[in-house]
Amino acid sequence: HGGWGTGDRMLHNDAENVRSLPPPRSFTGSALFIRTFDEGMALVEETARYLDGPGRDEARGLSRKGAILYAGESMRVTTRMMQAASWLLVQRAVHDGDMEPDQASSGRYRLGSKEICLGAATENTDELLPAALRDLLARSESLYRRIARLDEVLFGHGHDMVPGAHLHWNRLEQVFGSE
């Protein structure tokens, strides 16, 4: 999916809000982060409710092929949500002063499982999976991709970044620049 989803537009539109933060304030205190955090946690809860309730019932009515695909894709959405929630909670811990920014930038706390989370289903899911699961898959992929971009902006490829809120500010400035 190379297109711009709603979350992508929010990320682009919020560039001005992030740029307007005073330099000492960390990204994790920005409106963009708070909105992403709230959206992510709500999607985690929605996904869990679906998979534990209506999703289970819908899976029972699927063909054998559909049931196998459902099992794999429900694991993919669960992995995306676990990775997203973990990353968001670590960033909130940085904001709350419970974790140092340089600690959050270590590989241990970076967004992971990209090969699973960004992999594509081998079958045509439109024909085989319930609409509610397809919707959760699309929204979780959008959220995961947004968080992956934020992770890259904040921490880059290396783990030798300068710690502190200024790191967050400087990386965001580099990406969003002054327009």
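Please read these numbers as outputs of a predicted model, since none were measured by experiment.

### Considering the packing of helix α5 (residues 64-95) against helix α9 (residues 131-155)
Step number 1: Axis separation between α5 and α9 bottoms out at 9 Å; the angle between their running directions is 35°. Of the two possible hands of crossing, α5 and α9 adopt the one that is left-handed. Counting all contacts with α5, which are made through Y70, E73, V77, R80, M81, Q83, A84, W87, L88 and Q91, the residues of α9 involved are L133, L136, L137, S140, E141, L143, Y144, I147, L150, D151, L154 and F155.

### Describing the nonpolar core
Step number 1: Judged by nonpolar contacts, the single largest core of 37 residues is most densely connected at Y70, W87, L88, M99, L133 and I147.
Step number 2: Mapped by element, the contributors of at least two residues to this core are α3 (31-52), α5 and α9.
Step number 3: Of all the elements, α5 adds the most residues to this core, at 11 residues.
Step number 4: L133 has contacts with Y50, L51, Y70, E73 and V77, leaving out every residue within four places of it along the chain.

### Side note on the packing of aromatic side chains
Step number 1: Scanning the model with the defined rule gives one aromatic pair in all.
Step number 2: Here the aromatic rings of F33 and F37 are separated by 6.0 Å at their centres, their planes lie at 40°, and the arrangement is tilted. Here F37 and F33 lie together in helix α3, a separation of four residues that amounts to about one turn.
Step number 3: Judged by relative accessible area, which is 2%, F33 ranks as buried.
Step number 4: Under the relative-accessibility criterion, F37 is labelled buried at 10%.

### Comments concerning the pattern of salt bridges
Step number 1: Evaluated as defined, the whole model comprises nine salt bridges.
Step number 2: The residue R76 makes a salt bridge to E73 at a minimum N-O spacing of 3.0 Å. In this pair, R76 and E73 are both assigned in helix α5, three residues apart and thus about one turn of the helix distant.
Step number 3: Accessibility expressed as a relative area gives 12% for R76, which makes it buried.
Step number 4: Among the residues examined, E73 registers a relative accessible area of 6% and is labelled buried.
Step number 5: The salt bridge partner of D126 is R134, with a shortest N-O separation of 3.5 Å.
Step number 6: Under the relative-accessibility criterion, D126 is labelled exposed at 55%.

### A look at the environment of L129
Step number 1: Position of L129 among the secondary structure elements: in the loop between α8 (125-128) and α9.
Step number 2: Residue class for L129 comes out buried when judged on its relative accessible area of 4%.
Step number 3: Between the C-alpha atoms of L129 and S63, which are 66 residues apart in sequence, the distance is 9.7 Å.
Step number 4: Not counting the four nearest positions on each side in its chain, L129 is found in contact with G66, L69, Y70, E73, R134 and L137.

### Focus: the confidence of the model for the protein chain
Step number 1: Within the protein chain, residue pLDDT values average 79, and 73% of them lie at 70 or more.
Step number 2: The weakest mean pLDDT in the protein chain belongs to helix α2 (residues 15-19) at 44; the strongest belongs to helix α4 (residues 54-60) at 96.
Step number 3: Confidence drops under a pLDDT of 50 for residues 1-25, and excluding neighbours within four residues, the segment shows 42 contacts in the predicted structure.
Step number 4: In this model residues 158-166 is a low-confidence stretch, pLDDT under 50, and it forms 18 contacts with partners more than four residues away in sequence or in other chains.

Calculation notes
Residues numbered from 1 in each chain as written. Predicted model: local features only at pLDDT ≥ 70, side-chain atom pairs only at ≥ 80, totals over all residues. Heavy atoms only, no water. Axes fitted to C-alpha atoms, helices over the stretch in contact; angles between N-to-C directions. Helix = DSSP H or I, 4+ residues; strand = E, 2+ residues; numbered from the N terminus. Left-handed = near helix turned anticlockwise from the far one by under 90°. Contact = heavy atoms within 4.5 Å. Core = buried A, V, L, I, M, F, W, Y, C linked by side-chain atoms within 4.5 Å. Buried < 20%, exposed > 50% of the residue type's maximum accessible area, 1.4 Å probe, protein only. Phe/Tyr/Trp six-rings, centres within 6.5 Å; stacked < 30°, edge-to-face > 60°. Salt bridge = Lys/Arg side-chain N within 4 Å of Asp/Glu carboxyl O. pLDDT = per-residue confidence, 0-100.

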